[in-house]
Amino acid sequence: MDNLKITLFQGYLFWEKIDKNLQNISLRLSGIREKTDLIILPEMFNTGFTMNAAEMAEPMDGKTMQWMHKTAQQFDCVVTGSLIITEKNKYYNRLIWMLPDGSYKYYDKRHLFGLGQEDHTYTSGKKKLIVELKGWKICPVICYDLRFPVFLRNVGGEYDLLLIVANWPERRALHWRTLIPARAVENQCYVIGVNRVGHDGNEVYHSGDSTCIDPNGNVVYYKRDEEDVYTFSINAEELALNRRAFPFLKDADKFELKN
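All figures in this text were calculated on a predicted structure; none of them were measured in a lab.

Caption draft 1: The arrangement of the packing of aromatic side chains in detail. Tallying each qualifying case throughout the model produces ten aromatic pairs. Centre to centre, the rings of F45 and W67 are 5.8 Å apart; their planes meet at 40°, and the pair counts as tilted. Taken together, the positions of F45 in the loop between β2 (38–40) and α2 (53–56) and W67 in helix α3 (residues 63–75) put the pair 22 residues apart, joining distant regions of the chain. The same class applies to F45 as to W67, namely buried. Between W136 and Y190, the ring centres sit 5.8 Å apart and the planes meet at 65°, which makes this aromatic pair edge-to-face. One end of the pair, W136, is in strand β7 (residues 136–142); the other, Y190, is in strand β9 (residues 190–194), with 54 residues separating them in the sequence.

Caption draft 2: View of the environment of N3. In this structure, N3 sits in the segment before β1 (4–10). When sequence neighbours within four positions are dropped, the list of residues in contact with N3 reads D37, K134, W136, I234, N235 and A236. Within polar-contact distance, the side chain of N3 engages the backbone nitrogen of A236 at 3.0 Å.

Caption draft 3: The packing of helix α1 (residues 18–29) against α3, seen in detail. At a minimum axis distance of 11 Å, the contact between α1 and α3 shows a crossing angle of 10°. With respect to α3, the axis of α1 lies roughly parallel. Seen from α1, the contacting residues are I18, D19, L22, I25, S26 and L29; seen from α3, they are K63, T64, W67, T71 and F75. For the contact of α1 with α3, the residue count by class is six nonpolar, three polar and two charged.

Caption draft 4: Up close: unusual backbone geometry. Look at M44: it is not a glycine, yet its phi comes out positive at around 45°. Tracing the backbone through its elements, the reader meets M44 in the loop between β2 and α2. Located in the positive-phi region is D209, a residue other than glycine, with phi close to 60°. As for its placement among the helices and strands, D209 is situated in strand β11 (residues 205–213). Classification of D209 as buried rests on a relative accessible area of 2%.

Caption draft 5: Representation of the pairing of strand β12 (residues 219–224) within the structure. Here five bridges tie β11 to β12, and the two strands are oriented antiparallel to one another. Its bridge partner being in β12, S210 is matched across the sheet by K223. A loop of five residues connects β11 with β12, the two strands running antiparallel in sequence, and G217 in this loop sits at a positive phi of about 90°.

Caption draft 6: Focus on helix α7 (residues 236–245). Listed in full, the buried residues belonging to α7 are A236, L239 and N242. The buried residues of α7 occupy an angular sector of 130° when the element is viewed end-on, so they sit on one face. In α7, the exposed residues that point more than 90 degrees away from the buried face are R244 and A245. Taking the backbone nitrogen of E237 as reference, a side-chain oxygen 2.9 Å away marks N235 as the first, capping residue of α7.

Rules of the game
Sequence order as written defines the numbering, with residues in each chain counted from 1. Totals for whole chains, interfaces and linings use all residues, but because this is a predicted model, local features are given only for residues with pLDDT of at least 70 and pairs of side-chain atoms are given and counted only at 80 or more. Heavy atoms throughout the structure, all of them, feed into the side-chain values; hydrogens and water do not. Each pair of aromatic rings taken from Phe, Tyr and Trp, with Trp reduced to its six-membered ring, is defined by centres within 6.5 Å and is described as stacked if the planes are under 30 degrees apart, edge-to-face if over 60, and tilted in the remaining cases. Where helices and strands are cited, they refer to DSSP runs of H or I of at least four residues and of E of at least two residues respectively, numbered from the N terminus. Each residue is placed in one exposure class: buried if its accessible area under a 1.4 Å probe, protein chains only, is under 20% of its type's maximum, exposed if it is over 50%, and partly exposed if it falls in between. Any two residues having at least one pair of non-hydrogen atoms within 4.5 Å are treated as being in contact. The definition of a polar contact used here is a pair of N or O atoms within 3.5 Å, where within protein one atom must be able to donate a hydrogen and the other to accept one, and adjacent residues in sequence count solely through side-chain atom pairs. An axis is simply a line fitted to the C-alpha atoms; with a helix, the fit covers only the stretch in contact. Between two such axes, the angle follows the N-to-C directions and lies from 0 to 180 degrees. The scheme is simple: roughly parallel for angles under 35 degrees, roughly antiparallel for over 145, roughly perpendicular for 65 to 115, oblique for anything else. Each residue receives one of three labels: charged for Asp, Glu, Lys and Arg, nonpolar for Ala, Val, Leu, Ile, Met, Phe, Trp, Tyr, Cys and Pro, and polar for the others, Gly being one of them. Any two strands are treated as partners once DSSP identifies two or more bridges connecting them. In this context, the arc is that of the directions from the helix axis out to the C-beta atoms.

Structure, rendered in structure tokens:
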């Protein structure tokens, strides 16, 4: 494993305005001045967290997927974030892992946010996604998934980085700031959470609080309330040292997660 250079976008999302969001994100990313391996965008980065899937959903060959490919090519890196996808008459809150060559993998949000009626609009995913980048095994998930430690349990050390893209409201920011360090420590991994800022179309305020926490629970990055495009590295040797010094994962309970 090499150190991994990551750029995250904590930004304001224009409510249900796909073109405007893509233009704004492109503008913000144009300020990147160093080579990065991965660009992370929030949940539903092109629309905001809307239940208006009938109007906002795109097919897998739609404009946002094309934009992701173009952006991955431009920066020669992986681009990830979630958007609303329509497929076989169903709607998904789908995270895309887009490579520069246009190939991709995806993860459909497993835990749908019942309090916001997400479970009435979208279809739940069933499987965790593990991807690799520069030797790092990465588990990308979406927002509400953060609350479910059994689903996120790092069984057998299957991942090194847990990645959460979100539209997490400020009124529950304490939960966000508590659960992310807990996931890092219990799973002996880096955890990165990327959230949006500002009010959404329902006048719900989001304070961002995007963060990176190392396996010891230390803060690598944190930003609240402001838009930010920030590039930083996570350290492979630090992760290896933590797991050698504290071999807790081998003592974890064995279980099987059933759909």
